[in-house]
Amino acid sequence: MARFDRYILSRLMVLFGFFALVLVSVYWVNQAVILFEQLVSEGHSANVVLEFTALSLPSTIVRVLPLAAFVAALYLTQRLISDSEMTVVQSMGYSPWRLARPVAVFGCLVAFMMLILTHVLVPQSLEQLRLREAEISNAASARLLREGVFLSPASGVTFYIREITPDGELRDVFLSDRRQAGREVTYTADRAFVIGNGNEPANLVMVRGLAQTLDLETDTLSTTTFADLTYSVSSLIEESGLGRQRLESTSSWAMLSNFSGVMERTGERPAELLVALYQRVQQPLLAMVGALLGFSALLTGEFSRFGVARQMFMAVGLVVVVYFFESAVAGGAEASVGAATTIFVPSLVGFGMVAYLLHKASRTRKPRHRRAEAPA
C-alpha cells in the first residue's frame, strides 16, 4: 500500500478502536445493569451475573461495530478536510475514487471481524447462554431460598421463608400446594433445612410444624401436627428444559451441512433459515457501507467557512435510509425462499449511494475549462 493509504488506514483503525470501545461499554453497561437487577432479584450470585454479561458481549459488539466504523470514517474525513490535508492530497491529483481506497480496505477489515463474530462467536455464546439459562432456571437453591418473599416456583405452589440464618436454617416456613384438583394442603413450620448434594438440594425437612388439608368438595379441613416432615424439593419446581434451539444460537456450518435437521430442531421454515444465514453476511456488508458513506458524503461539499456540517448531516441521513431499507425488507424476506435474497437490498442501496457520491465528487473536483476568447 502507498504511504498515504497506510496513514489513513492506521488513523481509521485507532479511531475505530476508540469509538468501538466507548459504544460497546455504554451499550454493554446498560444491558449489564438490567441483567444484574433481574438475576440478583432472583437470588443468583455475582458470578452468574458476570458469566451472563460476558456471554452477551459478542452480540453487543456485532450491533455496535457498524456504527463505530461509520463514526470513525466520518470523524477522520472531517479532520482531514478541516486541517487542509484533503486539499493538499487532491491538489496532487488524487481522485475521490483513489482517496476511497484506504477506507474500502478499512471497511473490509471491519467486515472480516464481523464475519467471525456473526458466524462463529455469536452463535456459540448464545448457545452457551441458552444452556446456562435452562440450568439456572432449574436450580432450586436460587429459586426457593429467598427470605421475606412469597415465591411461586410452580403453578399452584406458594412458598415463603421469613428468615435464613447464617447456618442455613430456615425460620418460619410457609408452603401452600394447590396443584391437586379439589384439595389444598398448607404446611407451616418453625424451622426447616434443605438437605441434598452439591448444587441440587433433594429434600426440604420441616421441623415442628402443622399440615392443614382442605377438601374443596366437602368443604372440610383436617390438621396434622408433625415433629419433622420431608418434602421433595424437585416436586416444587417446574423443570424448564432446554426448549427449542433458536436460529440465533445455531452455527452457520450447522445450517449449511444439516439444513433439514436445523429446521426440525428450531421449528422454523426454510425461508426463515435462509434469512438468518444471509443476515450474517448482510451485517458485515453494512459495516463497509457505513464506513464508505461516512467518507464519500463529506467529499461532495465545496470549501465553506462553515465547515462540512451540512455534509455530515447528509451522511447521517443516508445511513438512516439504509437501515430503514433493512427494517422494511426484513419481514418480506421471510415470506418465501425466493424472497430471502432481498435481505441484501440495503447493502446494494448503500453501495449505490457510495458510487453516486464519489461520482458527484469527481465531477465537482474537475477543473472548469476557460471559455475561448471571441476574436476582435
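Residues numbered from 1 in each chain as written. Predicted model: local features only at pLDDT ≥ 70, side-chain atom pairs only at ≥ 80, totals over all residues. Heavy atoms only, no water.

(A) Broad picture of the nonpolar core. Ranked by size, the top nonpolar core spans 54 residues in total, and within it Leu12, Phe16, Phe106, Leu293 and Phe295 carry the most contacts. Those elements that place two or more of their residues in this core are α1 (3-41), α2 (46-55), α3 (57-82), α4 (85-91), α5 (96-137), α9 (270-299), α10 (309-333) and α11 (345-365). Here Phe295 is in contact with Ala73, Thr77, Met86, Pro96, Leu99, Ala100 and Val103, once residues within four sequence places are set aside. In this structure, Ala154, Phe159, Ile161 and Leu175 belong to the second largest nonpolar core, which totals 16 residues. (Core = buried A, V, L, I, M, F, W, Y, C linked by side-chain atoms within 4.5 Å. Buried < 20%, exposed > 50% of the residue type's maximum accessible area, 1.4 Å probe, protein only. Helix = DSSP H or I, 4+ residues; strand = E, 2+ residues; numbered from the N terminus. Contact = heavy atoms within 4.5 Å.)

(B) Focus on the packing of α3 against α10. With their axes 11 Å apart at the nearest point, α3 and α10 run at an angle of 160° to one another. Taken together, the axis directions place α3 and α10 in an arrangement best described as roughly antiparallel. Regarding α3 and α10, the two cross each other, and that crossing is right-handed. In contact with Pro66, Phe70, Leu74 and Gln78 of α3, α10 contributes Met312, Ala315, Val316, Val319 and Tyr323. Taken together, the residues that form the contact of α3 with α10 break down as 8 nonpolar, 1 polar and no charged. (Axes fitted to C-alpha atoms, helices over the stretch in contact; angles between N-to-C directions. Parallel < 35°, antiparallel > 145°, perpendicular 65-115°, else oblique. Left-handed = near helix turned anticlockwise from the far one by under 90°. Nonpolar A, V, L, I, M, F, W, Y, C, P; charged D, E, K, R; others polar.)

(C) View of the confidence of the model for the protein chain. For the protein chain, per-residue confidence averages 81 on the pLDDT scale, and 84% of positions sit at 70 or higher. Mean pLDDT values over the elements of the protein chain span from 57, in helix α6 (residues 140-144), up to 90, in α3. For the stretch residues 367-376, pLDDT sits under 50, and the model shows 0 contacts to residues farther than four places along the chain or on other chains. (pLDDT = per-residue confidence, 0-100.)

(D) The pairing of strand β2 (residues 170-177), seen in detail. Sheet analysis places strand β1 (residues 157-164) next to β2, joined by 7 bridges and oriented antiparallel. Bridged to Ile161 within β2 is Val173. What sits between β1 and β2 in their antiparallel hairpin is a turn of 5 residues, with Gly168 showing a positive phi close to 90°. (Pairing = 2+ DSSP bridges.)

(E) Main features of the pattern of salt bridges. Using the criterion set out here, one finds 11 salt bridges in the structure. Its salt-bridge partner being Asp177, residue Arg179 comes within 3.0 Å of it at the nearest N-O pair. Via salt bridges that share partners, Asp5, Arg98 and Arg101 belong to a single interconnected network. (Salt bridge = Lys/Arg side-chain N within 4 Å of Asp/Glu carboxyl O.)

(F) View of the side chain of Asp177. Mapped onto the fold, Asp177 is located in strand β2. At 3.0 Å, the side chain of Asp177 and the side chain of Arg179 are in polar contact. In contact with Asp177, not counting residues within four places along its chain, are Gly156, Val157, Arg183, Glu184, Val185 and Tyr231. (Polar contact = N/O pair within 3.5 Å; in protein donor to acceptor, adjacent residues only side chain to side chain.)

(G) The packing of aromatic side chains, seen in detail. According to the stated counting rule, one finds 9 aromatic pairs in the structure shown. Both rings, one in Phe19 and one in Tyr75, keep their centres 6.0 Å apart while their planes meet at 70°; by these two values the pair is edge-to-face. A residue pair is termed long-range when its members are at least 10 positions apart, and Phe19 in helix α1 and Tyr75 in helix α3 qualify at 56 residues. The exposure class assigned to Phe19 is buried, which follows from its relative accessible area of 17%. Tyr75 gets classed as partly exposed once you look at its relative accessible area, which sits at 35%. One aromatic cluster is present, built from ring pairs that chain together Phe18, Phe19 and Tyr75. (Phe/Tyr/Trp six-rings, centres within 6.5 Å; stacked < 30°, edge-to-face > 60°.)

(H) Focus on the packing of α3 against α9. Their axes nearest at 8 Å, the elements α3 and α9 cross at an angle of 15°. By the angle class used here, α3 and α9 are roughly parallel. Crossing geometry of α3 relative to α9 is assigned as right-handed. Facing Val62, Pro66, Ala69, Phe70, Ala73, Leu74, Thr77, Gln78 and Ile81 of α3, the residues of α9 in contact are Gln283, Ala287, Gly290, Ala291, Gly294, Phe295 and Leu298. When its residues are assigned to classes, the contact of α3 with α9 shows 11 nonpolar, 5 polar and no charged.

(I) Spatial organisation of the environment of Ala73. By the element assignment, Ala73 lies in helix α3. What makes Ala73 buried here is its relative accessible area of 1%. On a C-alpha basis, the gap between Ala73 and Ile8 in space is 9.7 Å, while along the polypeptide they are 65 residues apart. Those residues in contact with Ala73 that lie beyond four places of it in its chain are Leu12, Ala291, Gly294 and Phe295.

(J) Up close: a nonpolar patch on the surface. Where nonpolar side chains cluster on the molecular surface, the patch consists of Phe112, Ile116, Val120 and Leu121 and spans about 340 Å² of accessible area. You can see Phe112 is positioned in helix α5. (Patch = residues over 30% accessible without salt bridge, like charges linked within 9 Å, V, L, I, M, F, W, Y side chains within 5 Å. Areas by Shrake-Rupley, 256 points an atom, 1.4 Å probe, with all protein chains shown as cover.)

(K) Region of interest: helix α8 (residues 259-266). Those residues of α8 lying buried are Gly261, Val262 and Thr266. Angular distribution of buried residues about the axis of α8 spans 120°; they occupy a single face of the element. Relative to its buried face, α8 has exposed residues pointing more than 90 degrees away, namely Ser260 and Glu264. Structurally, α8 contributes buried residues whose contacts are with α7 (252-257) and α9. Once α8 finishes, Gly267 follows within two positions and takes phi at roughly 75°, a positive value. (Arc of directions from axis to C-beta.)

(L) Main features of the side chain of Glu326. You can see Glu326 is positioned in helix α10. No salt bridge is formed by the buried Glu326, whose closest oppositely charged neighbour, Arg63, lies at an N-O distance of 10 Å. Only 3.1 Å separates the side chain of Glu326 from the side chain of Gln279, close enough to count as a polar contact. With residues near it in sequence (within four places) discarded, Glu326 still touches Gln279, Leu286 and Pro346. (Lys, Arg positive; Asp, Glu negative; His and termini not counted.)

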